[in-house]
Every structure is written in structure tokens, then in C-alpha cells.
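Okay, here's what each chain looks like letter by letter:
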Protein chains: 2
Amino acid sequence: MASKGGTNGKPKPGKKKEVKKETGLGLTYKKDENFGEWYSEVVVSSEMIEYYDISGCYILRPWSIAIWENLHAFFDPEIKRMNVKNAYFPLFVSDSVLQKEKDHIEGFAPEVAWVTKSGKTELEVPIAVRPTSETVMYPYYSKWIRGHRDLPLRLNQWCNVVRWEFSNPTPFIRSREFLWQEGHTAFATKDEADQEVLEILELYRRIYEEYLAIPVIKGKKSELEKFAGGLYTTSVEAFIPNTGRGIQGATSHCLGQNFAKMFQITFENESREKLMVWQNSWAYSTRTIGVMVMVHGDDKGLVLPPKVAAVQAIVIPVPYKDADTQGIFNACSSTVSLLSAAGLRVEADLRDNYSPGWKYSHWEMKGVPLRIEIGPKDLANKQVRVVRRDDGSKQDIAMDNLVEQVKKILENIHESLFNKAKEKRDDCIQKVHTWDEFAVALNDKKMILAPWCDEEEVEKDVKARTKGEMGAAKSLCTPFDQPELPEGTLCFASGKPAKKWTYWGRSY
Amino acid sequence: MASKGGTNGKPKPGKKKEVKKETGLGLTYKKDENFGEWYSEVVVSSEMIEYYDISGCYILRPWSIAIWENLHAFFDPEIKRMNVKNAYFPLFVSDSVLQKEKDHIEGFAPEVAWVTKSGKTELEVPIAVRPTSETVMYPYYSKWIRGHRDLPLRLNQWCNVVRWEFSNPTPFIRSREFLWQEGHTAFATKDEADQEVLEILELYRRIYEEYLAIPVIKGKKSELEKFAGGLYTTSVEAFIPNTGRGIQGATSHCLGQNFAKMFQITFENESREKLMVWQNSWAYSTRTIGVMVMVHGDDKGLVLPPKVAAVQAIVIPVPYKDADTQGIFNACSSTVSLLSAAGLRVEADLRDNYSPGWKYSHWEMKGVPLRIEIGPKDLANKQVRVVRRDDGSKQDIAMDNLVEQVKKILENIHESLFNKAKEKRDDCIQKVHTWDEFAVALNDKKMILAPWCDEEEVEKDVKARTKGEMGAAKSLCTPFDQPELPEGTLCFASGKPAKKWTYWGRSY
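Residues numbered from 1 in each chain as written. Chains lettered and ligands numbered in written order. Predicted model: local features only at pLDDT ≥ 70, side-chain atom pairs only at ≥ 80, totals over all residues. Heavy atoms only, no water.

**Observations concerning the overall build of chain A**
Of regular secondary structure, chain A possesses 14 helices and 23 strands. When the 508 residues of chain A are sorted by exposure, 59% land in the buried category. Once local pairs closer than 6 in sequence are excluded, the contacts in chain A between residues at least 24 apart make up 70%. With the model as given, the accessible surface of chain A reaches about 20600 Å², and the carbon-plus-sulfur share is 48%. Charged side chains of chain A number 70 positive and 71 negative; the gap between the two group centres comes to 4 Å. (Helix = DSSP H or I, 4+ residues; strand = E, 2+ residues; numbered from the N terminus. Buried < 20%, exposed > 50% of the residue type's maximum accessible area, 1.4 Å probe, protein only. Contact = heavy atoms within 4.5 Å. Areas by Shrake-Rupley, 256 points an atom, 1.4 Å probe, with all protein chains shown as cover. Lys, Arg positive; Asp, Glu negative; His and termini not counted. Charge placed at Lys NZ, Arg CZ, Asp CG, Glu CD.)

**Examining the domain arrangement of chain A**
Along its sequence, chain A is carved into domain 1 (58–295), domain 2 (313–415) and domain 3 (429–507). Here domain 2 of chain A and domain 3 of chain A have C-alpha centroids that lie 49 Å from each other. (Domains from an automatic or database assignment.)

**Thoughts on helix α8 (residues 287–296) of chain A**
For an α-helix the count is 3.6 residues per turn, leaving residues at separations of three or four pointing the same way. For α8(A), the buried fraction is high: 10 of the 10 residues fall into the buried class. All of the buried residues in α8(A) are Arg287(A), Thr288(A), Ile289(A), Gly290(A), Val291(A), Met292(A), Val293(A), Met294(A), Val295(A) and His296(A).

**Some remarks on the pattern of salt bridges**
Residues and elements named next belong to chain B. In this structure the tally under the stated criterion is 74 salt bridges over all chains. Linking Arg-174 and Glu-165 is a salt bridge whose minimum nitrogen-to-oxygen distance equals 2.7 Å. Take Arg-174: its relative accessible area is 23%, and that puts it in the partly exposed class. Of the residues examined, Glu-165 reaches a relative accessible area of 18% and is grouped as buried. Two residues, Glu-210 and Arg-206, come together in a salt bridge whose shortest N-O distance is 3.0 Å. Separated by 4 residues within a single helix, Glu-210 and Arg-206 lie in helix α6 (residues 190–211), roughly one turn from each other. With a relative accessible area of 26%, Glu-210 lands in the partly exposed category. (Salt bridge = Lys/Arg side-chain N within 4 Å of Asp/Glu carboxyl O.)

**Points about the packing of aromatic side chains**
Per the counting criterion, the structure on display carries 58 aromatic pairs over all chains. A ring pair is formed by Trp435(A) and Phe492(A), whose centres lie 6.1 Å apart and whose planes are at 5°; its orientation type is stacked. Of the two residues, Trp435(A) sits in helix α13 (residues 435–443) while Phe492(A) sits in the loop between β22 (474–479) and β23 (500–507), which places them 57 residues apart along the sequence. You can call Trp435(A) buried: its relative accessible area is 19%. Given the relative accessible area of 3%, Phe492(A) is considered buried. Taking the ring centre of Trp63(A) as reference, the NZ or CZ of Lys366(A) above it sits at 4.4 Å. Lying across the ring of Tyr360(B), Arg371(B) places its NZ or CZ 3.8 Å from the centre. (Phe/Tyr/Trp six-rings, centres within 6.5 Å; stacked < 30°, edge-to-face > 60°. Lys NZ or Arg CZ within 6 Å of the ring centre and 35° of its normal.)

**A look at unusual backbone geometry**
Backbone geometry follows two general trends: most residues other than glycine have a negative phi, and most peptide bonds adopt the trans configuration. In this model, Leu151(A) is joined to Pro152(A) through a cis peptide bond whose omega is -5°. Note that Pro152(A) resides in the loop between α5 (134–144) and β7 (153–162). Positive phi outside glycine occurs at Asn168(A), with the angle close to 40°. Mapped onto the elements of the fold, Asn168(A) is located in the loop between β7 and β8 (177–187). Classification of Asn168(A) as exposed rests on a relative accessible area of 60%. Residues other than glycine seldom take positive phi values, yet Asn83(B) does so here, at roughly 75°. Examined against the element boundaries, Asn83(B) turns out to sit in the loop between α2 (62–81) and β3 (85–86).

**Re the environment of Leu339(A)**
Relative to the elements of secondary structure, Leu339(A) occurs in helix α9 (residues 325–341). For Leu339(A), the residues in contact, after removing those within four places along its chain, are Leu344(A), Val346(A), Ile372(A), Leu402(A), Val403(A) and Val406(A).

**Re the packing of helix α1 (residues 35–45) of chain B against helix α8 (residues 287–296) of chain B**
Residue and element names in this part refer to chain B. At a minimum axis distance of 11 Å, the contact between α1 and α8 shows a crossing angle of 120°. Taken together, the axes of α1 and α8 are oblique relative to one another. For the pair α1 and α8, the sense of crossing is right-handed. Together, Phe-35, Trp-38, Tyr-39, Val-42 and Val-43 of α1 and Gly-290, Val-293 and Met-294 of α8 make up the contact between the two elements. For the contact of α1 with α8, the class distribution of residues is 7 nonpolar, 1 polar and no charged. (Axes fitted to C-alpha atoms, helices over the stretch in contact; angles between N-to-C directions. Parallel < 35°, antiparallel > 145°, perpendicular 65-115°, else oblique. Left-handed = near helix turned anticlockwise from the far one by under 90°. Nonpolar A, V, L, I, M, F, W, Y, C, P; charged D, E, K, R; others polar.)

**Considerations on the relation of the copies chain B and chain A**
Applying a rotation about an axis and a shift along it to one chain copy brings it onto the other copy. Overlaying chain B on chain A yields an RMSD of 0.0 Å, the required transformation being a rotation through 180° with an accompanying axial translation of 0.0 Å. Such a combination of rotation and displacement between the chain copies is what one expects of a two-fold axis. No C-alpha of chain B approaches the rotation axis more nearly than that of Val115(B), which lies at 2.1 Å. Most of the interface of chain B is mirrored in chain A: 100% of its interface residues are interface residues there too. (Least-squares fit on C-alpha atoms with pLDDT ≥ 70 in both.)

**Quick notes on the environment of Lys463(B)**
All names here are of chain B. Inspection of the secondary structure puts Lys-463 in helix α14 (residues 456–466). The partly exposed category is assigned to Lys-463, whose relative accessible area is 26%. Ignoring any residue separated from it by four or fewer positions in sequence, one finds Lys-463 in contact with Leu-224, Glu-225, Ala-472, Ala-473 and Lys-474. Here Glu-225 takes part through its side chain, which lies 3.0 Å from a polar atom of the side chain of Lys-463. (Polar contact = N/O pair within 3.5 Å; in protein donor to acceptor, adjacent residues only side chain to side chain.)

**What about the sheet that holds strand β15 (residues 313–317) of chain B?**
All names here are of chain B. Read across the open sheet, the 5 strands follow the order β16-β15-β17-β18-β19; overall the sheet is mixed. The two strands at the open ends of the sheet, each matched to only one other strand, are β16 (346–348) and β19 (394–398). Looking at each pair of strands side by side, their axes are set apart by 25° on average, direction ignored. In this sheet, β16 lies alongside β15 in parallel orientation, the contact comprising 3 bridges. Bridge pairing in β16 places Ala-313 opposite Val-346. Across the sheet, helix α10 (residues 356–365) touches β15 and β17 (370–374), and the angle it forms with β15 is around 170°. (Pairing = 2+ DSSP bridges.)

**Observations regarding helix α5 (residues 134–144) of chain B**
Counting buried positions along α5(B) gives 9 out of 11 residues, so the element sits mostly inside the fold. Within α5(B), the full set of buried residues consists of Glu134(B), Thr135(B), Val136(B), Met137(B), Tyr138(B), Tyr140(B), Tyr141(B), Ser142(B) and Trp144(B).

**Focus on the side chain of Asn70(A)**
Residues and elements named next belong to chain A. In this fold, Asn-70 is placed in helix α2 (residues 62–81). We classify Asn-70 as buried; its relative accessible area is 18%. Within the structure, Asn-70 has its side chain in polar contact with the backbone oxygen of Val-308 (distance 2.8 Å). Contact partners of Asn-70, with chain neighbours within four places excluded, come to Lys-307, Val-308, Ala-309 and Arg-345.

**Concerning the side chain of Asn353(B)**
Tracing the chain through its elements places Asn353(B) in the loop between β16 and α10. Taking the relative accessible area as the measure of exposure, Asn353(B) reaches 7% and is therefore buried. Only 3.2 Å separates the side chain of Asn353(B) from the side chain of Arg149(A), close enough to count as a polar contact.

**Digging into the interface of chain B and chain A**
Tallying the contact residues gives 68 residues for chain B and 68 residues for chain A. Between chain B and chain A lies a buried interface of about 5700 Å² when both sides are counted; carbon and sulfur atoms form 55% of it. The largest share of the area that chain B buries against chain A comes from Tyr88(B), Phe92(B) and Arg149(B), three residues that together contribute 12% of it. Run the count over chain B and chain A and you get 7 salt bridges. Here Asp352(B) ties to Arg149(A) by a salt bridge, and the two come within 3.2 Å at their closest N and O atoms. Looking at the side of chain B that touches chain A, the element that brings in the most residues is strand β5 (residues 113–118) of chain B, giving 6 residues. Here the residues of the side of chain B that touches chain A sort into 39 nonpolar, 9 polar and 20 charged. Pairing of strand β5 (residues 113–118) of chain A with β5(B), which is carried by 5 bridges, proceeds in the antiparallel orientation. Along β5(B), the bridge assignment pairs Lys117(A) with Trp114(B). (Buried area = accessible area lost by both parts, 1.4 Å probe.)

Structure representation (C-alpha cells):
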């Protein structure tokens, strides 16, 4: 990890080296055959993740943290522009405060980790590690908010949270500790809160579509699936064709006045009336990275979308026996300088103990969007050979034209990744009208769009009827973009009049 | 917090408002009379800190997190330039791993917080919350490092750590959870490790001197005061004249090969010999912010150094009865635009329910380096009145010249703050040769420079002899910049031949 990829490590001419040629770097498992094993292998082999000796905890290595930082570099200025301020609240929350909002604690209680000892001393009362920070923050919102001029109050924090889940820990997707941002805002009116929910959701869509090249569906969660203690939850939903499972990409909740009631967050309006605030909370997490791996990865390893890749292009020298090796290495270094100066993230792999072939496999495993090869012929013709990670296509590009061409190709890779993912996802979407159609589609791992009566009991019933080894089906979201619902359309599950189209399926 | 300071909140002409004129915003305590109370009050009144319902934990409000982010914006690119990569390791560490380095765990064990329960389930084995991450990381360094080409390995993480201390919790300075960066690096040779220790220490000096305007002394810690389990510790040491206490500003440790031995972190060199790596770890924390408050704050509140202040200049309209109020407000807004466009952090306080005087006090409390007043006369003369927070001096500046002048003044404020702090600190430094001189100087709250024999037993003896209500004296550091030590100089404490000049005093 350390010395790989820099422009250091130049060969010492005249010194005979043992050069590793074996390209046995490939994955043992294939994505379409053993998806679960493929995923576990690819996140480790690409050096994104190291498994940790505490189950459900993972080490995020520089290759994944760089992606996290690139997303931060987009999102943090965006929310600051919305006048959200960053803050940092404690990791710990006392039992009595955690219990205040009843639905909320019911949702999180089984997963809360408790500190009961310091050194050899038992604490007087156990202290919870935050699973999310509503109860950590809101007692102070109550203190800070007095009058209408204190509103809106819009805070965000970047932090770790802990949910001691026991089912299927999976790197990025379901881990006992994860990183996220959590925004917590309070407004004088529901209108303002409603509006912010959608503004934030749009930023989440952009994270997925514009940065991770993953198509998502914006919509509203059902009553059963909404945030514990909230009024309503919106989300961006992605889909993993290989497993036929939906995955909640990020959520933007309107909490309504439930927490305001419990924590007495009130303000005096201009007419001196005491009113309760309207609140939102919203978050995206390191799960984003896992969805990216699942959607784009292939049998050679990761495939990174250019906008978030730590390294957008890797330059590899391809010296031949009698070639001007030093000239080739110099060309590699100056290519790195040229592209870096243009704001691209580019490195050269000048290690002399690996063959070009080994290096190709290595950087394919790590998912670098572009490989730039420079051999004797390229040197002679003042050109480089450029190879795309996503489709393997090759082209020779004149050095004169390189910056412009590389930028164009990187943009094109993003588009191709997105379009390919969208095509695959769209192929999995199936409209059904009846329970029988639903059952077949579920069996076919589809993301099912069905007319629904929107009754909680009916969703519970769907869950019960689809229970099994693969996990029950549930509603994923009711998309904002609704197909026409002709008068008289019936619910696929209850046969009652349908109120809306809703996505259903198994999910992560 | 929310709506204060933006350029929103323009007055509605013709509407009579109750305008708050009381300037009773001042602090109850004076810095020179009740330092401890003054500190607790100023961090809260300036909206940096909110006390939390768990003792020793504090809420870092946007006003302090902005400073943390400004320091990050300096330090993070600097270490990336040194080829350090960011990563993220788990919050939790298992008991067996934590115990591996004996001196290390002895140093931290009494402060470790233990998770023993999740939901209602007892964990099979208790899990520690990281007090620092040596033991979290190094088992994996052992795995990742195989040959000399894997070195150096240089990782850093930005995270929270927990040390459940029971003595004197103080916001920023000593809290049970705090934020920091921790760098952990491994090298093939001691020379490389030694060199990095000093490069990082220089960055820490720059944080204090170039960003926080606080003079620090670079030096080496004594054997007794060094990092538990390390080979040697270097630090930047600041001093708080009011309490006469030294304070460790940040530390850069060479761990030697102690951890390498315990965690078997070895590599094969070019001659195929198996060798142990040399390691460093280094960190600075949110303590930096507390030192800044203590050093620069005054009886009116915070005094922020311009480079780290969230708001570098606050623009305040000063309308008079018959003045062109709208014209003044417009001038305020365009002043904000002008200065913001030049890259400065500037806001206007256009609230109509507070008098100018109230606003002056408010922003003085928050420590904003510059106040820009715009009244009818200023409007007429195309000028603004600029008032410095640090010394209260006022000057009128023509709008034509504003950007250049404001930049110059902000630089000047930084210099003045640094020089004033250095003068005060230097006044506290006292050279002594004998125990009697030492005792008097300690009583006078000095930072004492004394010739020392450098024996651990002697430091223990000094601690024992100075024990008391105020806390014992200890060595602060042996400065790299050593005064001449004439042959035959004796240790102030033992009377044995002195080996070096060392700083002593009480400390945080």
C-alpha cells in the first residue's frame, strides 16, 4: 500500500531483479455465480477492507476512505451553502434520555451497545453508545431554541455510530460501527421542513447518480418502514440485480413534532404564541461505498466511477528488452505531471519487480478507471495507449491531445457505468397486478412495482406470506414518479382499491 | 445560532420593533481573578461549548467545530503531501489485543471504557472503546507488511477517542471523549522514523504558532513523561500564564521497535533478512482549541486568531434616527460581498431587534477579530469604521481600499496576538540553578528552566517534594534549543552533574 503507485521506485539499471510475472491475482469467485463470496473477496482483494477481529467491525483502508472523502468534498459544501453548520455531539447518551421517545427507542433498543465499566470500576448507570443522535441532540435544541429568530436551527455532524446487529454483517452494507453524516434541523413551519427533506434527498440522488454512477429511485417509505419515531421518511432506493434485493441508499426524514413534544422544543412566534418546532433528520453512510462495489464490480475486481476514484488513471511503463527504458520511465513521470496539473488524480506504477501484466491485473482489481500504457512504440510516436477498465476498450492518444481526451474518456466512463447500471436495473423492474404475478416476480428476483392499498396490515401480511429462507418481501418505497393508476385498480395483495404504485421486493 | 449573522433578517421599514439595548452580555468572572470560572463561562457564552448531561463530555458547537475544520484544512493536505494516507479503524478493541504491549496498557487501563452489553444481551467478552489506536492497528500492520517494498506504511485517521478520566474534566483540555487525528507509521530504518517525528512536530508547531498564534517550545519528554510503550516522545509545549501551568500541545512519538516486537511487525530486507520495523505515532486533538481560548481570551470573551476564526469580520449597521437606513443596510451587504469575494470569511448582523451596542458586545464575546461599522457618516464618506477585537483600536478605511486594508489588519492581528502571547509567556520563563530558586519560581507560577541530571528517580523525587494542593511539578520538556551548559553545572534537584536544560512546572 505504502510505496505502490507513487512515481518513486525507479529501476536501478544494470541490477538484475526477480520480476514477478504471475497474474494469479484474479478473484476465486465469480460475481454471477457466488455473489456473496465474490463481494467479500473483492472488497478485501482491492484493499478497500480488512476484516477485523471483532465480528461486524471492519477496517476501512485508504482505498475506500478516499471515496468517502470525495463524497464529503461534494456534500459538505452543498449543505453549508444551505446554511447547515457542522457541530459535534458526544458519542454517549444516558439511558433516561435515550428512552424519551418511545417508538424511537423501540426501534433501536435491541442494537444499542452499553458501556458499564471504566477501568475496573462499574459505572453508576450504564451509558449507551449512540446508534443515531436524535436523543443526544434534542434536549439541547430545546435549550437553544426560544424564539422564532432562533429558527431554523440546522446542524450536521460527521461521525461514527454503533448498532450492534447480529444478522449478516457485511462490509459497508451492514456493520456494527459505521461512518455517516447526520443532519438534524428544526423549523418554525412544516412547509419549510417538507422543503428541506426534498432538497437533501436531491443531494443524495446526486451522490448516487452523479458521483457513484448508480441509478436510484426517490420515494416515500411505508408506515411500517419509516424511521422509528418520525412522521415520514423519504429515501433513494438502489437495486442489486445479482441478489434481486433493493437497498436503501440514504434517508431524509421529516420527524414532524414527535420529538419536539417529547423534548419540549418550543418557540415563541411573532405573536408571542408558544409553538412546537418541526424537525428533520437525514443521513447517508459508508453504505454508499458497498452499493457502488455491488453494482459496478466485475470478475476482475472493483470498477470505480471516475469521480470518486482515489486514482483516476494509472500510468504503466511497458519496456521491451532493447528499448529505451529510461526514456519510457521519464515519459510515464511526465504524463503523471501533465495530467495532475490538469486536476486529475493520476499515479505511475514504476515498480521494477512486477511485470506489466501483473500490474494490469493489480490495478484492474483495484478498479482504476483508466490504464495508460507507455511502451517503445508509444514513445517513438509521441502517444500513449489508453485502456478503459469498464469495457476493456483500447485507443492510442497523441500526447498533444492527452489532457482533453482523458477528461472526455473519464466523463464517458461515468456515463457508460450509469447507463449500464440503469439498463440492468430497469430490466429487473416488473409491474404486476396480482398476487400470483407478484410471487413469480419475487421468485425471479425482480424489483416489483405493484398497486397497493397502502394499509399497514396488508404490508405485514405480505411479509408473513413471503417469509422464508431468502427473507420476506417488503415495500421498498412509493416512488414520487407515479405511473398512471386507472380508476378501479385493485391492490395486488388485498384486492382492495389501490391508492398508489409502490415498489416491493427483498432488501438489504 | 441559526439565523444570527447571515445577511438575512433585513428590517421591515415602518414596523415598530422592540429593540434590545441591554449590553449585559459580559462575563461574570474576570480572567485574572477567577481563571477557572472565567474559562468555563467564556467557552459557553461564546457558544463554543454546551455542557452535556454526562460529566466530562461536551457538545462542540459550530463556533468551535469551524476552528477544528480550519486546522484540518491546513494539516490534512500537509500530511497527504508527505504521502500519509487516511484510513479508518474500528472504535472497538478486544481485551486480548489491548493487553499485548504491557507498558502501554498500564498507561491506559484505568481510563478504558468497556462495552459489556448489547441490547439486553451480555457480550461474551467485554470490548474496549479505543483510548488510542496502537493496539487496534498494529496487528494489521503485521499482516500488511511483508517486504521492504511495503515500507514505509503511513496511515492517519480522524476520529474520536475515549479516556474515562475522573480528575478535573475541562472542556477541550481534559474530556472523556475528544476528537483528534492519529498518525501511525512504520519504517525500515530508525533514521527515517526519527526524521518523520520531527517533520510532524514542525507541523504541530505551525498549527500553534501560524494558526492559533500561540508560542510553543519544541522538545523531548522525560522517560517518566513519555508515551506509554514508546521509545521517546517529542512535543510542542505551551504555557498558560494565568495558572502558571504548562500544557502539552501535541505529541509526536517514536515508538521504536517495542510494538513491532509485541505485534511481530517484521519485513524482509533486500538481503532477505527478517527485520523489525521502526514505528511512530503522532496526534493533535481538540485540546488545541482550549489552549487558544486560555491564551488569547479576555474579560470581554473569546479573542480568535484570524486564520482559524469562523467569521473574520462582522459587519454591523449603525443607523441613526433620520439616516438612510436602507442605504446603510445595502452598504453592509455589499461590504460582505466585496470581502467574501476576496476569500475572507465575513458576515453582516442585520438583525433589527438588537441595538448596535448589543451586537458589539455579542461579537466581542464570540471573539470575531474585526468589527466593521457602517453609519450615516461612513455612508456619506464612502468609508467604514474598523474596530479590532484584540486591542480595541479603531480606524476609518475608504471603501476603495477595503480588501487590501482588511487583509493587512488581519495579518497584523495575528502577529500582535502571537507577540503579546510570547511576551507574556517569556515573562513567565525563569532560569534557576538551585532547589531553593526552583521552589520560589514554582510558587510564582513560572515555567522553570533548570539544569538536570536526567535521572528518572530524581524526577520522581521532584514530584514527591512538590506534591500539594496545586498538584506536583514535573518536567515539561527538554527543549531542542538548549542554552549553553557550562562544564560543572549541577542538577537543581540532585546536585549531580547536569546533562541538559529542562523545563519544569505544574501542568495540565
